[in-house]
Amino acid sequence: MDDTDYMNDDNYYDDDDDGFSDCDDDDDDQSIEEESNDRQNYTVLKEEEIAKLQEDAITEVSAVLSISQSAACFVLTQFNWNVINLNDEWFADEDRIRQKVGLLEQPVVQFNPKNQRTICGICFEVYGYGSMYSAACGHRYCGECWRGYISTAIKDGPACLMLRCPEPPCRAAVGPDLISVLVSKQEYERYRHYLLRSYVEQQTKIKWCPAPDCKYAVRFDSYETRSYDVSCLCSHSYCWNCTEESHRPVDCETVRKWIMKNKDSSQNAQWILVNTKPCPKCKRPIQKNQGCHHMTCSAPCRYEFCWYCLAKFESYSTRCCNAYRANTDELKELDLEPDQKKLKEYLDRYLHYYERWANNQSSKEKAVESLEEVRTKHIMELIRKQQYLSELELNFIIDAWQQIIECRQVLRWSYAYGYYMPEDERLKADLFEHLQGHAEYSLERLHKCAETELQPYLASEVELKESFHAFRLKLENMTRATKDYFRKLVTALENGLSEVDGV
Amino acid sequence: MAASQASLLLQKQLKDLCKNPVDGFSAGLVDENNIFEWSVTIIGPPDTLYEGGFFNAIMSFPSNYPNSPPTVKFTSELWHPNVYPDGRVCISILHPPGDDPNGYELASERWTPVHTVESIVLSIISMLSSPNDESPANVEAAKEWRDRRDDFKKKVGRCVRKSQEML
């Protein structure tokens, strides 16, 4: 694709009377505002920061209820870290709460100074009184038996946060103060870890990042938002609300339905969607190894076609294939019972959306790899070969790839949106397909340009200052235009395509 | 607690029980070389349906006893709401601590390391006198105990006679 094509393509879209194509300054302002809103919506919390929040809650309760920090911590775990509930119930009936959670004011077993030596009730060995330990109740056991008791509880899991005195009818709380002096540092760490988890799990506004082994949590600070997209410090981006991948423009419920559906149908779909397709002209199998859908068969065939619809590529610009059209000709040819026909159409329709949904993910993954390659290799190489360039000037390539990655994600989920579009609302479906078609076309163009047009400069041993400048302008324009198309797509879909309501 | 400590504690209890036997049961080892497998004979408590029976059971202790509970399994046939058809005893103190997912048992009634062979067997004896039909191990026996007490009595009587014949 050369520059002239690019200009023509633009004209194709600008001539279209969709009323969306002009990107003017107002829109840009709006987009800046939207982005800054998104940024302020959440905070990534490190473990220390969560521990601090937890400590603040403990300190507050300890001060308000006049109990020790350890007792405050224990009672809070029993109240699911709900300070307000705890305060209400405590001040309504302190004795009942103390009884319920095992916070004793007085020991039930008094220390008798005459009994300097005591039998441990677990191992039946005799110990000096001072070398034994007890909770607030005064039931004393030797250090070794306590250690065994507490370690077993910690090994068994988070129920160790509700540990009680081993004496059968006694329910005295065994809190962090006693535990910290009795067990190993490692075991105490584990206990603290359970405490932290119990705290986070009870917070309505804080959730752990779902990425494997990630130790961060994300606090969502505002509920007046459409998007729950967050990006954790571990670089995992996801929807805070449902913890699935980012899925604008569709809502969490649609995502859940779609994922369930794919689970049911995926064996079928994956069996059909093998990784290769035969070239429509020479029939040699072709494996898709790059991100964009403009395929070129290898020499001597050189046939160019669209990966999805297998149409010759030159016709791609006039016939987008993002919209599902039942293949009526094929259906007519097949000698099928009416039921089978219906089933086939149903499956074809699902496969249409599933394939595009799945493919955009692999395209996105390839784009992530490409971005990494640009960052670690291409930029350095360019600076070496094209001496007039500085690193800062090359940021536009990174911007383009970041835009591609973001748009692939949106385009992916727009296909789940499409699958669930009510079929009887033809106007909406038309608008959706129109917007999606523009967005997809724009993204394909950008992806293709970023993927192929940098190569000559990496390969060239001579400086190509003039043409590089043109490449830069082209890529920057495409990045901007694509971003704009996708913003419109997301806004329109999140509004439920309300533009055509009442038409 | 290491296995050696568990075995020391069990040996101590075995010695104590030999020196000062407790009314209602006798206890010994299945195999002299294995302190973790006990054989106990429980005498059916007087004034109960189980009176006159001699019921054998095996107690198997884990290596981290007393921090985890033993399992108890009757080898004699026993018709009882809290004994599984295969003989395993289901009472709350033999369940590990922590919250009961079914909410039937208070954490305070569950296993704690202060329990000994003696306190466990005494709990089983008390279970024989007063079955708990709220969370039965043997649903049939529980239903019968609740609704058809005569049938229940007959079956228990058969178990008692069988246990006497085995002596």
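Residues numbered from 1 in each chain as written. Chains lettered and ligands numbered in written order. Predicted model: local features only at pLDDT ≥ 70, side-chain atom pairs only at ≥ 80, totals over all residues.

Chain B has the name E2 ubiquitin-conjugating enzyme in an unreviewed UniProt entry, where Rosa chinensis is given as its organism. What UniProt records for chain B under Function (unreviewed entry) is the sentence "Accepts the ubiquitin from the E1 complex and catalyzes its covalent attachment to other proteins. Involved in the formation of multiubiquitin chains. Signal the protein for selective degradation." (UniProt positions renumbered as here; feature names shortened; annotations may be inferred.)

As recorded in an unreviewed UniProt entry, chain A goes by RBR-type E3 ubiquitin transferase and comes from Rosa chinensis. Comment text from UniProt for chain A, heading Cofactor (unreviewed entry), reads "Zn(2+)". Its UniProt record, at the heading Catalytic activity (unreviewed entry), says of chain A: "[E2 ubiquitin-conjugating enzyme]-S-ubiquitinyl-L-cysteine + [acceptor protein]-L-lysine = [E2 ubiquitin-conjugating enzyme]-L-cysteine + [acceptor protein]-N(6)-ubiquitinyl-L-lysine."

**Some words on the overall build of chain B**
Across its full length, chain B holds four helices and four strands. Each helix and strand of chain B, placed in order from N terminus to C terminus, yields the pattern α-β-β-β-β-α-α-α. By the burial criterion, 35% of the 167 residues in chain B qualify as buried. Counted over contacts in chain B with a minimum sequence separation of 6, partners at least 24 positions apart contribute 50%. (Helix = DSSP H or I, 4+ residues; strand = E, 2+ residues; numbered from the N terminus. Buried ≥ 20, exposed ≤ 12 C-beta atoms within 10 Å, placed from the backbone. Contact = placed C-beta atoms within 7 Å.)

**Notes on the interface of chain A and chain B**
It is common to give the size of an interface as the accessible area that goes away when the parts come together. Residue-level contacts link 18 residues of chain A with 16 residues of chain B. A breakdown of the residues in the side of chain A that touches chain B according to their chemical character gives eleven nonpolar, three polar and four charged. (Nonpolar A, V, L, I, M, F, W, Y, C, P; charged D, E, K, R; others polar.)

**Concerning the sheet that holds strand β1 (residues 42-45) of chain A**
Residues and elements named next belong to chain A. One open sheet accounts for three strands, arranged β1-β7-β6; its pairing is antiparallel. For this open sheet the edge positions go to β1 and β6 (206-208), each flanked by a neighbour on one side alone. Pairwise comparison of adjacent strand axes, ignoring direction, gives a mean angle of 25 degrees for this sheet. By the bridge criterion, four bridges tie β1 to strand β7 (residues 217-220) in an arrangement that is antiparallel. The residue of β7 that forms the bridge with Y42 is F220. (Pairing = 2+ DSSP bridges. Axes fitted to C-alpha atoms, helices over the stretch in contact; angles between N-to-C directions.)

**Re the nonpolar core**
Counting 88 residues, the largest nonpolar core has V75(A), L76(A), I150(A) and I124(B) as its most contacted members. Contact partners of L76(A), with chain neighbours within four places excluded, come to A57(A), I58(A), V61(A), W81(A) and L86(A). Counting residues in hydrophobic clusters, the runner-up holds 34 residues, among them W258(A), W357(A), A439(A) and L443(A). (Core = buried A, V, L, I, M, F, W, Y, C linked by C-beta atoms within 7 Å.)

**Considering the UniProt feature "active site" (unreviewed entry) in chain B**
Residue and element names in this part refer to chain B. Listed under "active site" (unreviewed entry) in the UniProt record, and renumbered for this structure, are C90. Here C90 lies in the loop between β4 (71-74) and α2 (117-129). Taking the number of C-beta atoms within 10 Å as the measure of exposure, C90 has 18 and is therefore partly exposed.

**Regarding the environment of I398(A)**
Residue and element names in this part refer to chain A. Following the sequence through the fold, I398 ends up in helix α13 (residues 395-419). The class for I398 is partly exposed, based on 14 C-beta atoms found within 10 Å. The sequence separation of I398 and L371 amounts to 27 residues, and the corresponding C-alpha distance is 6.6 Å. With residues near it in sequence (within four places) discarded, I398 still touches L371, V374 and R375.

**Overview of the sheet that holds strand β2 (residues 34-43) of chain B**
Residue and element names in this part refer to chain B. Reading across the sheet, the four strands line up as β1-β2-β3-β4 and stay open at both edges, with antiparallel pairing between neighbours. Only two strands of the sheet have a single neighbouring strand rather than two, namely β1 (25-31) and β4. If you compare each strand with its neighbour and ignore which way they point, the axes differ by 30 degrees on average. Inspection of the sheet shows β2 paired to strand β3 (residues 54-60) by seven bridges, in the antiparallel sense. Following the sheet pairing, I43 is matched in β3 by F54. On top of the sheet, α2 reaches β1, β2, β3 and β4; it is set at about 35 degrees to β2, its chief contact.

**Some words on helix α3 (residues 139-147) of chain B**
What sets the pattern is the α-helix's 3.6 residues per turn: residues three or four places apart point alike. Residue and element names in this part refer to chain B. Within the span of α3, buried status applies to A141, A142, E144 and W145. The buried residues of α3 occupy an angular sector of 165 degrees when the element is viewed end-on, so they sit on one face. Looking at α3, the residues exposed on the side facing more than 90 degrees away from the buried face are V139 and D147. Buried residues belonging to α3 abut α4 (149-165). (Arc of directions from axis to C-beta.)

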